[in-house]
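# Remarks on the overall topology
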Amino acid sequence: MNNIKAAITGIEAYLPEYVLTNDELSRMVDTSDEWIMQRVGIKERRIQKGEGLATSDMGAEAAKRLFAKIGISPDDIELVIVATATPDMFFPSTSCIIADKAGIKNAWAFDVSAACSGFLYSLQTASQFIETGRYKKILLITAEKMSAITNYTDRTTCPLFGDAAVAMLLEPNTEDLGVIDHIFQSDGSGRHHLYLKAGGTFKPSSYETIDNGEHYVHQEGQTVFKAAVSRMADVSVAMMEKHNITPEELAWLVPHQANLRIIEATGRRMGLSKEKVMINIERYGNTTSATIPLCLWEWEKELKKGDKLILSAFGGGFTWGSLYMKWAYNS
Ligand code: UT7
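Overview of the structure. (Residues numbered from 1 in each chain as written. Predicted model: local features only at pLDDT ≥ 70, side-chain atom pairs only at ≥ 80, totals over all residues. Heavy atoms only, no water.)

## So, the site of the ligand
Residues in contact with the ligand amount to 24 residues; listed here are only the nearest, T31, R39, Q222, N259 and N286. Interatomic distance of 3.1 Å between a side-chain N/O atom of Q219 and a nitrogen atom of the ligand. Between the ligand and N286 there is a distance of 2.7 Å, counted from an oxygen atom to a side-chain nitrogen or oxygen. Protein contact buries 73% of the 950 Å² of open area that the ligand shows by itself. Sorting the residues of the shell around the ligand by element identifies α2 (33-39), α7 (221-242), α8 (260-269) and β12 (308-315) as the ones contributing at least two each. Examining the composition of the shell around the ligand, we find that five residues originate from one element, α7, more than from any other. Here the shell around the ligand spans two domains, and each of domain 1 (5-176) and domain 2 (180-326) adds at least three residues to it. (Near = heavy atom within 4 Å. Polar contact = N/O pair within 3.5 Å; in protein donor to acceptor, adjacent residues only side chain to side chain. Areas by Shrake-Rupley, 256 points an atom, 1.4 Å probe, with all protein chains shown as cover. Helix = DSSP H or I, 4+ residues; strand = E, 2+ residues; numbered from the N terminus. Domains from an automatic or database assignment.)

Written out as structure tokens, the structure reads:
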């Protein structure tokens, strides 16, 4: 059996400075802090402001901060993988742009598109390059400028999303630490419930699509909620059973941060006490592929070598899954 596993060996984030609060949103649309806190659990989110700034700028900044933090050179990176649902443009890939902006010269680069499951899918993809033994240093980035596709006149979606980027280094580990297993699924029939209606090849942008606001996120909240709440828990419980992990043994559930009620329901189904569930939705909202890495970054100092983690997400596609990893270092 292959004894090389892929481990996260460093993590750093970039959060835009601008804080969009529920109070400010309440002046933009017919909503309230009380409704948003009760139904979703978000207090504020970060927004990237500034002419000409894009997803790649946040990703490149996160990468540069990571290089400085762990003391490696951009020249050491062999492969750049970027998970994003909000690329700078159709093509080239955001990964190529980030590599250029972060001074990465010796790597090839590609994007992974799996909406809110983007981190899990890209982490698993990156892991397999490491497990072959051929790759030693992969830069994995999750970066989202959700504010660019959010309609700030639609109260059903505008409180939900925020902008952020997280950069991680993946390296081989031979101590049985790192990514252990994944249970992933997708169901494209869910595409009608959470998507961008226009701007792609199915319905290219036109004056009409712009007038109709079809370049903004469309979500049928309740339908997505019902699917998310059962499926995220199903795969997380399945992972515990597959590896005989008891709630006591599991150090952390690291869930996608779309709705506090979904997070709490998942934790309950897994039999976990609240203290074992990472939650920061209140401060950043739903940053799509960046939510889980943002948690890992914020909890980095508390994480201990060997800690058993289950990462779990559900999102557009539909895509969903759970990933089991053992944390690889003490910081
Ligand atoms: O990350 C990718 C996956 N996404 C998810 O997992 C998100 C899943 N869905 C959700 O989290 C929730 O469905 C939402 C947070 C999006 C919505 O919460 P909800 O409890 O499902 O609300 P609802 O859509 O059923 O709306 C209930 C009421 C409606 O009013 P009426 O028809 O009952 O009069 C809405 O118009 O709440 C109203 N409403 C609002 N009221 C104040 C919807 N948005 C707002 C708002 N402020 N921002």
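Picking up where we left off.
## Examining unusual backbone geometry
Here the amide bond leading from F91 into P92 is cis, since omega sits at 0°, within 30 degrees of zero. Locating P92 in the fold gives a position in the loop between β4 (79-83) and α4 (94-101). Of note, the amide linkage connecting G317 to F318 takes the cis form, showing an omega dihedral of -5°. Assignment of secondary structure puts F318 in the loop between β12 and β13 (319-326). The residue A115 is not glycine, and still its phi comes out positive at about 50°. Tracing the backbone through its elements, the reader meets A115 in the loop between β5 (108-112) and α5 (118-131).

## Some thoughts on the pairing of β12
Judged by how many residues are buried, β12 sits mostly within the fold: seven of eight residues are covered. Strand direction decides the pairing type here: strand β11 (residues 252-255) and β12, joined by four bridges, are parallel. Its bridge partner being in β12, L253 is matched across the sheet by I310. (Buried < 20%, exposed > 50% of the residue type's maximum accessible area, 1.4 Å probe, protein only. Pairing = 2+ DSSP bridges.)

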